[in-house]
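Here are the chains, one letter per residue:
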Amino acid sequence: YKVTRGAIPILGCGGVKDGVTAFEKILAGASAVQVMTGLRGEGPRVATKICRELDSLLQRLGVKHISEAVGQQ
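Residues numbered from 1 in each chain as written. Predicted model: local features only at pLDDT ≥ 70, side-chain atom pairs only at ≥ 80, totals over all residues. Heavy atoms only, no water.

As a further point, take the overall build of the protein chain. Within the protein chain one finds three helices and two strands. Going from the N terminus to the C terminus, the protein chain shows its helices and strands as β-α-β-α-α. Computed over C-alpha atoms, the radius of gyration of the protein chain comes to 12 Å, within 12% of the 11 Å expected from 2.2 N^0.38 for 73 residues, which places it in the range of a compact globule. For the protein chain, the C-alpha atoms occupy an extent of roughly 35 × 25 × 15 Å along the three principal directions. By residue count, 29% of the 73 residues in the protein chain fall in the buried class. Put simply, 51% of the contacts in the protein chain that link residues at least 6 apart link residues at least 24 apart. For the protein chain, the accessible area works out to roughly 5000 Å², and carbon and sulfur atoms hold 55% of it. Computed over 10 positive and 6 negative side-chain charges, the inter-centroid distance for the protein chain is 4 Å. (Helix = DSSP H or I, 4+ residues; strand = E, 2+ residues; numbered from the N terminus. Rg over C-alpha atoms; globule rule 2.2 N^0.38 Å. Buried < 20%, exposed > 50% of the residue type's maximum accessible area, 1.4 Å probe, protein only. Contact = heavy atoms within 4.5 Å. Areas by Shrake-Rupley, 256 points an atom, 1.4 Å probe, with all protein chains shown as cover. Lys, Arg positive; Asp, Glu negative; His and termini not counted. Charge placed at Lys NZ, Arg CZ, Asp CG, Glu CD.)

Another point: helix 3 (residues 45-61). In this model, helix 3 (17 residues) spans 25 Å end to end at C-alpha, consistent with the 24 Å of a helix rising 1.5 Å per residue. Where helix 3 is buried, its residues meet helix 1 (19-27) and helix 2 (36-42). Downstream of helix 3 by a residue or two, Gly-62 has a phi angle that is positive, lying close to 75 degrees. (Expected span 1.5 Å × (residues − 1).)

As far as function goes, none of this settles anything; it's purely spatial.
What follows is the structure, given as structure tokens:
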């Protein structure tokens with residue numbers, strides 16, 4: 001993300017099964033996150049879980065929109 005200055009969209013994937021893991025990918029520069037691991041392990045409800053955890057995390061950090069966190073690692 002830093003090398004391209006955000007010019008190339010990055011998809012965060014691999015091991016995403018909770019909001020913290022998704023947020024780590026976003027901080028590293030991902031503008032989208034794949035949740036296949038979570039879907040296989042927990043089923044479709046994992047998407048709601050991830051969204052709720054991300055929302056809670058963003059509120060605690062005072063981030064108003066998730067796009068503000070992209071590449072901030």
